[in-house]
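Below, each chain spelled out in residue letters.
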Amino acid sequence: MSAVTAPAMDRPPPPPPMTVGTLGWLRQNLFSSWVNSLVTVVLAVVVGWAVIGLISWVIVTADWLVITSRVQLYLVGLYPQVDAWRPQVAVLLISALLGVSWRSWGGTARGFAVGLSAVAVIVGVIPHGLQPLNRILVLAIPVAVGVGYFLAAGFFAGRPRRIVGAAFLAVFVGLLIIRGIEGVPGLEPVNTNDVGGLLLNLLLALFGIAASMPIGIALALGRQSNLPVVKWACVAFIEIIRGVPLITLLFMSRHILPLTFPENIKIDTLYITGITIMLFSSAYMAENVRGGMAAVAPGQTEAARALGLRGWQTTLLITLPQGLRNIIPAIVGQFISLFKDTSLVFIIGMLDLVEMGRVTIQSNLEFVDNGREVYLFIAVVFWIFCFSMSYVSRRIERALGVGKR
Amino acid sequence: MNRLLYVQGVPFWRNVVVLRWAVQIVSAILVIAVIAGFFGNVSREIAARDIPFGYGFLDREAQIPIGESVIGYHPSDSFAYGLLVAALNTVKASVLGVILATLLGILVGVARLSPNWLLNRIALVYIEIFRNIPLLVQLLFWFLIVLSLPTVREGYVVFDAFYLSNSGVNLPWPVPQDGFWPWALATVVGIAVAVVVARRLHWRETESGKPSYPILTGLAIAVGVGVIALLILGPMTIEVPSPEGRFGRLQGGAELSGSFTALLVGLVMYTSSFIAEIVRAGIQSVSKGQTEAARSVGMSGMLTLRHVTFPQSLRVIIPPTISQYLNLTKNSSLAAAIGYPDLVSVASTMTQTAPAISLILVVMLTYLAMSLTYSLIGNLYNRAIRFKGT
């Protein structure tokens, strides 16, 4: 018993009370000098005032009817009411993929999966004008996450190729369900001009980034080519596209792209927009790929040549794969800015989330004073997507150890 | 080359030189075919569908209103002049935007590194909010806020000189008087002298190692000459806006219209959040060993900052910042959404009476010229710092 308590003399003296614990933290980080203390107090007052003002506006003053009465318009645009279950099925597929990521990756994916499920349960339970079928599909989101989680433990366990395959399949099936299939009852094709709202922003950004990958890689390789014709053609394309605003490209393509097709083919605005965004994005993708390949250590190329690989083999098997690994965070960053840029499609008359909000304010007399509510809502929606993607990107960057190897 | 072409025993289809030329020619034909096919198709369709095209319209009277102008405009002016007015409006918005975004971005970026936890977090929240919301949404929001302000009569007034109302911002502005050109000449001469002196001092400092304060001395000369000439010549008077104009408008001073104010606020907030991140990363990129080494050779904190940390972080900061300037310039085209008469907005109004394709080509070329100017500046800077390193 007496051996347990050491003599008091051998213990280090306790730290001064003002350097540890909450008080110590406050002193070090907020009140280290009189200037700091002054800054802290002034900022605290200003921030407190602003936050209280914002909260009271959101809860008391704001009238959210302009949002709640037309949620569907903001989310899927003029997509037919009876077919609203189709985008929801696509969301279920994504949720299942999230469940797979939760099981096989953990960490961030778990946070997103739990957060999404919680939001789905809250939206599904609170009483408002949701059709029974749509309500069931919202409540099915946590179930889909769970299915994905258990599939990851069995079917997908330790088989990354299967996961990648399933992901591609899910995206493809989701797009097919949203667009519709000719001749299948219940899945009649939807008029492409009716696709709008957040769905349009997401579809355009996803298509833009996916389609720009191959073109961007080709342009980047072409730019490094030692054949002058190929090189300068690629340089000209990349620099012209990067030198003008997207808005002018969209404007141009509205007038020019229909002319490049025969007159009897009426090309939809959605496809015109898609092609333009793809070309726009591929110029930026090319620069990303070039940067990523430049960051591959020169020793890699030398080693490949020493092993007897030819020029194209070195590029395709050594430089390009390592370069692509380097640019994963940059691709996420490009996706974020492309997603934000899809709001520019208003210039050719498409009803994306932002334009839908603007039209709602301007064409409904009862909502003419609710602009702040609408823009705040739109801003929050975009912010959640962009912020969570950039958060994930930073996690990937750390996990890949870019620049560390 | 001839020697290479006829290497003994190598058939020509495996000769590297022949192959390279073959690939070159084939790819050249392909590129030309694609371009020719595209333009041929487009020009044939333009002719077939009676779509107007050409540049004869540039001399015609534009007959469209342009809300504001730096150099004066009347609807009876030509299309070409109207486009110039619009381009200058774009330049005005982007130059002011670049200056303000740089200042705010540096401020926020430095605040992000502050030891004060609260300041640090506020800067973080600022950055994360403004860079993750589409600029278009921000512009529409600020425009809405400006429109919902009270009228000029009931608007906000600071010191009886700065007015904020639903028609924008009015502020005091200098008006040139008789002595303006002599003053401008004196100032330019002062700046030239200052540059020469500063270079000389900088050279002496690097040669002798004695601190000679080239930048401070140069600034003092330039500002001193300018201020003394200002006092002697009295080249301009400050005009303060006063509420004596007709129809409740303000008279005198400079007026920033409502849409311009919204555009400027939106562009500055959006771009400064990116610049702040660049500044923070740039300052953090200078390794700690550099500071420690500087301190161990006896440099003071200020000297370390001036000669070691700051120059090194500038190398990291400036190239991406220039590309942000370019982005800001291109983003100013979103003005079309809030009715500020920039290049895109005016051009799209003109499409009602002039060929759309020709117009938009002019607009794209103008933006391309601005982009190339920025890349030129960036390349010059990159070359300059590369020379210093050797």
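Residues numbered from 1 in each chain as written. Chains lettered and ligands numbered in written order. Predicted model: local features only at pLDDT ≥ 70, side-chain atom pairs only at ≥ 80, totals over all residues. Heavy atoms only, no water.

A.B. asks: Where do I start with the overall build of chain B in this structure?
C.D. replies: Helix and strand counts for chain B come out as 12 helices and six strands. The principal-axis extents of the C-alpha atoms in chain B amount to approximately 90 × 70 × 50 Å. Among the 390 residues that make up chain B, the fraction classed as buried is 40%. When contacts within chain B are restricted to residue pairs at least 6 apart in sequence, long-range pairs at least 24 apart make up 64% of them. Looking at chain B as shown, the accessible area adds up to about 21900 Å², and 69% of this sits on carbon and sulfur atoms. Looking at charge distribution, chain B has the averaged site of its 26 positive side-chain charges lying 19 Å from that of its 18 negative ones. (Helix = DSSP H or I, 4+ residues; strand = E, 2+ residues; numbered from the N terminus. Buried < 20%, exposed > 50% of the residue type's maximum accessible area, 1.4 Å probe, protein only. Contact = heavy atoms within 4.5 Å. Areas by Shrake-Rupley, 256 points an atom, 1.4 Å probe, with all protein chains shown as cover. Lys, Arg positive; Asp, Glu negative; His and termini not counted. Charge placed at Lys NZ, Arg CZ, Asp CG, Glu CD.)

A.B. asks: Please clarify how the overall build of chain A should be interpreted in this entry.
C.D. replies: When helices and strands are counted, chain A shows 17 helices and zero strands. Dimensions of chain A along its principal axes, counting C-alpha atoms only, are 95 × 75 × 50 Å. Looking at chain A as a whole, 40% of its 405 residues are labelled buried. If you take every contact in chain A between residues at least 6 apart in sequence, the share linking residues at least 24 apart comes to 71%. For chain A, the separation between the mean place of its 28 positive charges and that of its 18 negative charges on side chains is 15 Å.

A.B. asks: Just checking my understanding: could you explain the environment of V363(B) for this structure?
C.D. replies: The residue V363(B) is located in helix 12 (residues 356-389) in this model. According to the relative accessible area criterion, V363(B) is buried, its value standing at 1%. Distance in space between the C-alpha atoms of V363(B) and L139(B) is 22 Å, their sequence separation being 224 residues. Once you skip the residues sitting within four places of it in the chain, V363(B) turns out to touch T248(A), L343(B), V344(B) and A347(B).

A.B. asks: Help me understand the side chain of S313(B) in this model?
C.D. replies: All names here are of chain B. Along the chain, S313 falls in helix 10 (residues 301-331). For S313, a relative accessible area of 4% corresponds to the buried category. At a separation of 3.1 Å, a polar atom in the side chain of S313 contacts the main-chain carbonyl oxygen of F310. Not counting residues up to four positions away in its chain, the partners in contact with S313 are G282, I283 and V286. (Polar contact = N/O pair within 3.5 Å; in protein donor to acceptor, adjacent residues only side chain to side chain.)

A.B. asks: Honestly, the interface of chain A and chain B in this entry has me stumped. Any pointers?
C.D. replies: In many analyses, interface size is given as the accessible surface area lost on bringing the parts together. Counting from both sides, the interface comprises 53 residues of chain A and, opposite them, 50 residues of chain B. Taking both sides of the interface into account, the surface hidden between chain A and chain B amounts to around 4600 Å²; carbon and sulfur atoms contribute 73%. Connecting chain A to chain B are one salt bridge. E128(B) serves as the salt-bridge partner of R394(A), at 3.6 Å between the closest nitrogen and oxygen. One can count nine residue pairs in polar contact (both at pLDDT 80 or more) joining chain A with chain B. Taken together, the elements giving at least two residues each to the side of chain A that touches chain B come down to helix 1 (21-29), helix 2 (34-61), helix 10 (228-243), helix 11 (246-260), helix 15 (328-341), helix 16 (353-363) and helix 17 (371-400) of chain A. With 11 residues, helix 17 of chain A is the single largest residue contributor to the side of chain A that touches chain B. Residues of the side of chain A that touches chain B, tallied by class, amount to 35 nonpolar, 11 polar and seven charged. (Buried area = accessible area lost by both parts, 1.4 Å probe. Salt bridge = Lys/Arg side-chain N within 4 Å of Asp/Glu carboxyl O. Nonpolar A, V, L, I, M, F, W, Y, C, P; charged D, E, K, R; others polar.)

A.B. asks: I tried to follow the pattern of salt bridges on my own but got confused; where do I start?
C.D. replies: Close approach of charged atoms allows side chains of opposite charge to pair. Scanning the model with the defined rule gives nine salt bridges over all chains in all. Put simply, E277(B) and R280(B) hold a salt bridge, and the shortest N to O gap is 3.1 Å. One end of the pair, E277(B), and the other, R280(B), are both in helix 8 (residues 258-285), three residues apart, so they sit about a helical turn from each other. On the basis of relative accessible area, R280(B) is assigned to the buried category, the value being 18%. What emerges from the salt-bridge pattern is a single network uniting R223(A), E239(A), E287(A) and R290(A).

A.B. asks: How should the confidence of the model for chain B be read in this particular structure?
C.D. replies: Regions with low pLDDT should not have their predicted coordinates read in detail. With 93% of its residues at a pLDDT of 70 or more, chain B shows a mean pLDDT of 82. As a predicted assembly, this complex carries a pTM of 0.84 together with an ipTM value of 0.85. (pLDDT = per-residue confidence, 0-100.)

A.B. asks: What is the right way to read the side chain of R135(A) from this model?
C.D. replies: Residues and elements named next belong to chain A. Structurally, R135 is set in helix 7 (residues 132-153). Buried charge without a salt bridge: R135, with D63 as the nearest opposite-charge side chain at an N-O distance of 19 Å. Residues contacting R135, with those up to four places away along its chain left out, are V123, G124, V125, I126, P127, H128 and L130.

A.B. asks: It is not clear to me how the packing of helix 8 of chain B against helix 10 of chain B should be interpreted in this structure. Could you clarify?
C.D. replies: The angle between the axes and the distance between the axes are what describe a pair of packed helices. Residues and elements named next belong to chain B. As a packed pair, helix 8 and helix 10 sit with axes 8 Å apart at the nearest point and diverge in direction by 165 degrees. Here helix 8 is positioned roughly antiparallel relative to helix 10, judged by the angle of their axes. The two elements helix 8 and helix 10 meet at a crossing, and its hand is right-handed. When helix 8 is examined against helix 10, the residues L267, Y270, T271, F274, I275, I278, V279, G282, I283 and S285 are found in contact with a partner set consisting of S313, V316, I317, P320, T321, Q324, Y325, L328 and N331. A breakdown of the residues in the contact of helix 8 with helix 10 according to their chemical character gives 12 nonpolar, seven polar and no charged. (Axes fitted to C-alpha atoms, helices over the stretch in contact; angles between N-to-C directions. Parallel < 35°, antiparallel > 145°, perpendicular 65-115°, else oblique. Left-handed = near helix turned anticlockwise from the far one by under 90°.)

A.B. asks: Whenever I open this one, the nonpolar core confuses me. Can you help?
C.D. replies: Most often, soluble globular proteins keep nonpolar side chains buried together rather than apart. Counting 132 residues, the largest nonpolar core has V289(A), V374(A), I378(A) and L263(B) as its most contacted members. In terms of residues, this core owes the most to one element, helix 8 of chain B, which gives 12 residues. Setting aside its immediate chain neighbours within four residues, L263(B) contacts A93(B), L139(B), S332(B), A335(B), I338(B) and Y340(B). (Core = buried A, V, L, I, M, F, W, Y, C linked by side-chain atoms within 4.5 Å.)

A.B. asks: Whenever I open this one, the sheet that holds strand 3 (residues 168-171) of chain B confuses me. Can you help?
C.D. replies: For sheets, the rule is that strands pair by backbone hydrogen bonds, running either parallel or antiparallel. Residues and elements named next belong to chain B. Read across the open sheet, the four strands follow the order 1-2-3-6; overall the sheet is antiparallel. Strand pairing shows two members of the sheet lacking a second neighbour, strand 1 (156-158) and strand 6 (254-256), which therefore form its edges. Across this sheet, the average inter-strand angle for adjacent strands is 15 degrees, counted without regard to direction. In the sheet, strand 3 pairs with strand 6 via three bridges, with the strands oriented antiparallel. Residue pairing in the sheet places L171 in a bridge with A254 of strand 6. (Pairing = 2+ DSSP bridges.)

A.B. asks: Would you mind showing me how to read the packing of helix 9 (residues 288-296) of chain B against helix 10 of chain B here?
C.D. replies: Residue and element names in this part refer to chain B. With their axes 10 Å apart at the nearest point, helix 9 and helix 10 run at an angle of 145 degrees to one another. Along this stretch, helix 9 crosses helix 10, giving a crossing that reads as right-handed. Touching Q290, T291, A294 and R295 of helix 9 are G301, T304, V308 and Q312, all from helix 10. For the contact of helix 9 with helix 10, the per-class residue count stands at two nonpolar, five polar and one charged.

A.B. asks: Before we go on, may I ask you to explain the pairing of strand 3 of chain B in this structure?
C.D. replies: Regular strands place side chains that alternate from one sheet face to the opposite one. Residues and elements named next belong to chain B. The sheet contact formed by strand 2 (residues 162-165) and strand 3 spans three bridges and is antiparallel. Considered in strand 3, the bridge of L164 is made with V169. Counted along the chain from strand 2 to the antiparallel partner strand 3, the turn is two residues long.

A.B. asks: Sorry if this is basic, but what is going on with the environment of I322(B) here?
C.D. replies: All names here are of chain B. Of note, I322 is situated in helix 10. On the accessibility criterion, I322 (13% relative accessible area) is buried. When the C-alpha positions of I322 and I377 are compared, they lie 8.1 Å apart, and in sequence the two are 55 residues distant. The residues contacting I322, other than those within four sequence positions of it, are Y374, I377 and G378.

A.B. asks: Mind showing me how you'd approach the environment of V125(B) here?
C.D. replies: Looking at the element boundaries, V125(B) is found in helix 4 (residues 117-131). Residues V125(B) and A62(B), 63 residues apart in the sequence, show an inter-C-alpha distance of 46 Å.

A.B. asks: What am I meant to see in the packing of aromatic side chains here?
C.D. replies: Residue and element names in this part refer to chain A. Under the criterion given, the structure shown has 13 aromatic pairs over all chains. Judged by centre distance (5.0 Å) and plane angle (50 degrees), the ring pair of F280 and Y284 falls under tilted. Taken as a pair, F280 and Y284 lie in helix 12 (residues 269-294) at a separation of four residues, close to a single helical turn. Owing to a relative accessible area of 6%, F280 belongs among the buried residues under this scheme. Using a relative accessible area of 21% as the deciding quantity, one classes Y284 as partly exposed. (Phe/Tyr/Trp six-rings, centres within 6.5 Å; stacked < 30°, edge-to-face > 60°.)

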